[in-house]
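Per-entry structural report
Now for the letters of each chain:
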Amino acid sequence: MLISVYVPLLITMVIAVFAPRAAPRLAPRPAAWSLASAALVASLGWLGSLALLAFAGLVQIPEVAEEGRWSVAAVRASDPVYLTVAGAAALALLASVTALAIAATRQLRHLRWARRECRLLPGDTELAVLDIESPEAFALPGAPGRIVVSSAMLRCLGDREREALLAHERAHLRGRHHLFQTLWRLSAAVNPLLRPLSNAGGFVLERWADEEAAVRVGDRTVVAHAVGRAALATSANRSRPALAATGGAVPQRVRALLAPPPPRRALPFVAGAALLVVCCASLADAATDSEDMIETAQRAACVATQAATVPTPGASVSPHGVCCEHGELEGPAQHR
């Protein structure tokens, strides 16, 4: 456990540094799934490592050891985690769990707001056109979701560019991109080191929708023009929704659309999958070591209790004592 418990923390740092740099260079759809998987595993690894470190300090407290009937000396001998490290891990774990609860509450409120807005929009079709002078175009997740476009935005675009814009927003709804965003925001709340990954994920989702729109329209240049004109039209609007055609780094998106479709590269995904496997394996190994540590400490306490017990006169002593309340017949040589 001494080494394996820190491996998920190290892998989380590696993911936070390299994943945001690699994702924009990959095909957007598999990149989005890879970032989502990395965020989930890294968050769980982060919480698991902190929990195990905090637990290693908790079991060294004499009052806790007395309740659990294990030996503090045996714990410290088999798992030398300093109390200062365990205390820092406990505080970090408390902060992460608190931030996760707050972020989850906010995301739930946002999804409820989106569904309520979907019901209040005029019409009963997927597309809702608002007669307002502010250029707007975005997707609202719901059951089902709605595409919201203002009449001012439609006037800014040509016929094929309107088709590209609607195809982009429809891709957001069909791909359930709001769930990806929710996962990344929750992971960033758990571990602030994962915030760059969340930002990269937002860009990848826009690229995913751009590529879906390009396939639908059949012309990447038309989609690039639609993205650029929509961004110029909404440049004065600072409160754009997240799932909007004008979201993300627009110049980079336009350049990607004017270039050939991104190739599928296997090496980055294989390397990322290997890191995630190592993270899960290390966390499982650390958890197993913690369980073995407690069992060893309980046996040590059992042996110490039996050694300190003085038999009463005339009482017969079995060569094999019963190990505390576990009910197992073991000799002293069997305690390790």
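Inspection of every chain in the model, using the stated rule, returns nine salt bridges. Residue Asp 210 pairs with Arg 253 through a salt bridge whose shortest N-O separation is 2.8 Å. Within this pair, whereas Asp 210 is found in helix α9 (residues 195–217), its partner Arg 253 is found in helix α11 (residues 250–258), the two being separated by 43 residues in sequence. By relative accessible area, Asp 210 is classed as buried at 0%. Because the salt bridges share partners, they merge into one network encompassing Glu 206, Asp 210 and Arg 253.

Another point: the confidence of the model for the protein chain. Looking at the protein chain as a whole, the pLDDT averages 82, with 86% of positions reaching at least 70. Mean pLDDT across the secondary structure elements of the protein chain bottoms out at helix α4 (residues 72–78), with 71, and peaks at helix α8 (residues 177–190), with 94. For the stretch residues 315–322, pLDDT sits under 50, and the model shows twelve contacts to residues farther than four places along the chain or on other chains. Across residues 326–336, where pLDDT falls below 50, the model places 19 contacts with residues more than four positions away in sequence or in other chains.

Next up on the list: the state of the cysteines. This model, assessed by the stated rule, comprises zero disulfides. Summary of cysteine pairing: Cys 279 is not part of a disulfide, and the nearest cysteine sulfur, belonging to Cys 280, is at 5.5 Å.

In this section: helix α10 (residues 220–233). End to end, α10 covers 20 Å across 14 residues, agreeing with the expected 20 Å (1.5 Å per residue, within 8%). Buried-residue contacts for α10 involve α6 (151–156), α7 (159–174), α9 and α11. In this structure Asp 219 caps α10, since a side-chain oxygen of it lies 2.9 Å from the backbone nitrogen of Thr 221.

It is characteristic of soluble globular proteins that their nonpolar side chains tend to be buried jointly. One finds Ile 15, Ala 32, Leu 35, Phe 180, Trp 184 and Leu 197 to be the most contacted residues of the largest nonpolar core, which totals 24 residues. Going through the elements one at a time, α1 (7–22), α2 (28–58), α8, α9 and α12 (267–308) are the ones with two or more residues in this core. No other element matches the eight residues that α2 contributes to this core. In contact with Ala 32, other than residues within four places in its own chain, are Phe 180, Trp 184, Val 204, Leu 205 and Trp 208.

In this section: the packing of α7 against α10. The interhelical angle for the contact between α7 and α10, taken along N-to-C directions, is 80 degrees, at an axis separation of 8 Å. Considering their axes alone, α7 and α10 lie roughly perpendicular with respect to each other. Packed against α7, whose contacting residues are Arg 160, Glu 161 and Ala 164, the element α10 presents Val 222, Val 223, His 225, Ala 226 and Arg 229 at the interface. By residue class, the composition of the contact of α7 with α10 is four nonpolar, one polar and three charged.

About the cut-offs
- Residues numbered from 1 in each chain as written.
- Predicted model: local features only at pLDDT ≥ 70, side-chain atom pairs only at ≥ 80, totals over all residues.
- Heavy atoms only, no water.
- Salt bridge = Lys/Arg side-chain N within 4 Å of Asp/Glu carboxyl O.
- Helix = DSSP H or I, 4+ residues; strand = E, 2+ residues; numbered from the N terminus.
- Buried < 20%, exposed > 50% of the residue type's maximum accessible area, 1.4 Å probe, protein only.
- pLDDT = per-residue confidence, 0-100.
- Contact = heavy atoms within 4.5 Å.
- Disulfide = S-S within 2.5 Å.
- Expected span 1.5 Å × (residues − 1).
- Polar contact = N/O pair within 3.5 Å; in protein donor to acceptor, adjacent residues only side chain to side chain.
- Core = buried A, V, L, I, M, F, W, Y, C linked by side-chain atoms within 4.5 Å.
- Axes fitted to C-alpha atoms, helices over the stretch in contact; angles between N-to-C directions.
- Parallel < 35°, antiparallel > 145°, perpendicular 65-115°, else oblique.
- Nonpolar A, V, L, I, M, F, W, Y, C, P; charged D, E, K, R; others polar.

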